Amino acid sequence: MSFPKSVPLLIAFCLWLSFTLTAQPVSVPSATKPAVDNAFVQKQFGSTCSLIGIEPLIADLDNDGTEDIVIPARCTNPMMDQVENSFVVVDPYNSFFGYGNPKVTTQFSSEDPERRGYSLLVIHGAGPQAWRSATPKAKFLIVNLPFKQVVVKKLAIKKNKPIMGIFAEETGGDQATSVIFWDGKRYKYVPLGSSME
């Protein structure tokens, strides 16, 4: 049985191609899985903060064209490292209900003791490194939002001008959902009602 002369060349080319393709490193875009660990969180927000196992979210929250990050975490004493680590502690949840001074509201007890200290750490990015920058544009520690899960999606506050918001599935029996968004000066909380489940 004889093969045409082109068959060995075709086999050699296929082998070369398969080795070349398997040798190429696969790059994963940084936006799909941010490199955030407890060391990063504690460098940015102090030693009382740690991750809680919910994936960080990346979006442009302040509408400046630069990536920002939202990190769900537990902070046992959020006021302690505020000045040293250059972040602002805010409580848009209790502000919506009448009194949001975080010096007072961080002392409130949680409905669920296992979720005490759950917070959202927000870094507004600056420059080409965005939220990874050594000197980010701003950092916020959002306290007292009773969340189970969070997602970042577009929100229509003004006509034809959608902004990014942090949507939360809240704890509690009514399965409420809410959104926190940057209004240009501060983070605001808006309840959206009960879940449709």
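Rules and cut-offs
- Residues numbered from 1 in each chain as written.
- Predicted model: local features only at pLDDT ≥ 70, side-chain atom pairs only at ≥ 80, totals over all residues.
- Heavy atoms only, no water.
- Helix = DSSP H or I, 4+ residues; strand = E, 2+ residues; numbered from the N terminus.
- Buried < 20%, exposed > 50% of the residue type's maximum accessible area, 1.4 Å probe, protein only.
- Lys, Arg positive; Asp, Glu negative; His and termini not counted.
- Salt bridge = Lys/Arg side-chain N within 4 Å of Asp/Glu carboxyl O.
- Contact = heavy atoms within 4.5 Å.
- Pairing = 2+ DSSP bridges.
- Axes fitted to C-alpha atoms, helices over the stretch in contact; angles between N-to-C directions.
- Disulfide = S-S within 2.5 Å.
- pLDDT = per-residue confidence, 0-100.
- Core = buried A, V, L, I, M, F, W, Y, C linked by side-chain atoms within 4.5 Å.

**Student:** Even after reading the chapter, I still don't get the side chain of K139, so can you show me in this structure?
**Tutor:** Along the chain, K139 falls in strand β6 (residues 138–143). No salt bridge is formed by the buried K139, whose closest oppositely charged neighbour, E84, lies at an N-O distance of 10 Å. If sequence neighbours within four positions are ignored, K139 has contacts with Q44, F45, N85, S86, F87, V88, V122 and I123.

**Student:** Hey, could you run me through the sheet that holds strand β8 (residues 161–170) in this one?
**Tutor:** Two pairing modes exist for strands in a sheet, parallel and antiparallel, and in both the strands are linked by backbone hydrogen bonds. Strand order across the open sheet formed by four strands is β7-β8-β9-β10, with antiparallel pairing between neighbours. Strands at the two margins of the open sheet, each flanked by one partner only, are β7 (147–158) and β10 (187–194). Each strand axis lies, on average, 30° off the axis of its neighbour in the sheet, ignoring direction. Here β8 runs beside strand β9 (residues 176–182); their pairing, made up of five bridges, is antiparallel. Within the sheet, the bridge partner assigned to A168 lies in β9 and is S178.

**Student:** Explain the environment of I142 here, please?
**Tutor:** Structurally, I142 can be placed in strand β6. Taking the C-alpha atoms as reference points, I142 and Y118, 24 residues apart in sequence, are found 9.0 Å from one another. Discounting chain neighbours no more than four positions away, the residues touching I142 are V90, P92, S119, L120, V122, I180 and Y187.

**Student:** Help me out: how do you make sense of the state of the cysteines in this one?
**Tutor:** Disulfides are covalent bonds that link the sulfur atoms of two cysteine residues. Here the structure, examined in full by the defined rule, presents one disulfide. Across a sulfur-sulfur distance of 2.1 Å, C49 and C75 are joined as a disulfide pair. An S-S torsion of about 115° defines the bridge between C49 and C75 as right-handed. Remark: C75 occurs in strand β3 (residues 68–75) and C49 occurs in strand β1 (residues 49–51); sequence separation between them is 26 residues.

**Student:** How do you make sense of unusual backbone geometry when you look at a structure like this?
**Tutor:** Trans is the prevailing form of peptide bonds, just as negative phi is the prevailing case for residues other than glycine. Of note in this structure, N63 is not a glycine but carries a positive phi near 55°. Residue placement: N63 occurs in the loop between β2 (57–59) and β3. Residue class for N63 comes out exposed when judged on its relative accessible area of 51%. In this structure, N144 takes a positive phi of about 70° despite not being glycine.

**Student:** Can you walk me through the confidence of the model for the protein in this structure?
**Tutor:** In low-pLDDT segments, the atomic positions of the prediction should not be examined closely. Predicted confidence across the protein gives a mean pLDDT of 81, with 78% of residues reaching 70 or more. Taken as a whole, residues 12–31 scores under 50 in pLDDT and shows five contacts with residues more than four places along the chain or in a different chain.

**Student:** I would appreciate a short explanation of the pairing of β6 in the present structure.
**Tutor:** Both faces of the sheet carry side chains from a regular strand, because those side chains alternate between them. Burial analysis of β6 places five of its six residues in the buried class, the great majority of the element. When strand β5 (residues 118–124) meets β6, the two strands line up antiparallel, connected through six bridges. Residue pairing across strands places L121 opposite L141, the latter belonging to β6.

**Student:** I tried to follow the nonpolar core on my own but got confused; where do I start?
**Tutor:** Soluble globular proteins tend to bury their nonpolar side chains together. Grouped together as the largest cluster of nonpolar side chains are 23 residues, with contacts concentrated most on L61, V70, L120, V122, L145, F147 and Y187. Elements represented by at least two residues in this core include exactly β2, β5, β6, β7, β8, β9 and β10. Beyond its immediate sequence surroundings of up to four residues, L145 is in contact with Y93, L120, A168, E170, S178, I180 and Y189. V41, C49, I69 and L141 belong to the second-largest nonpolar core, a separate cluster that totals 17 residues.

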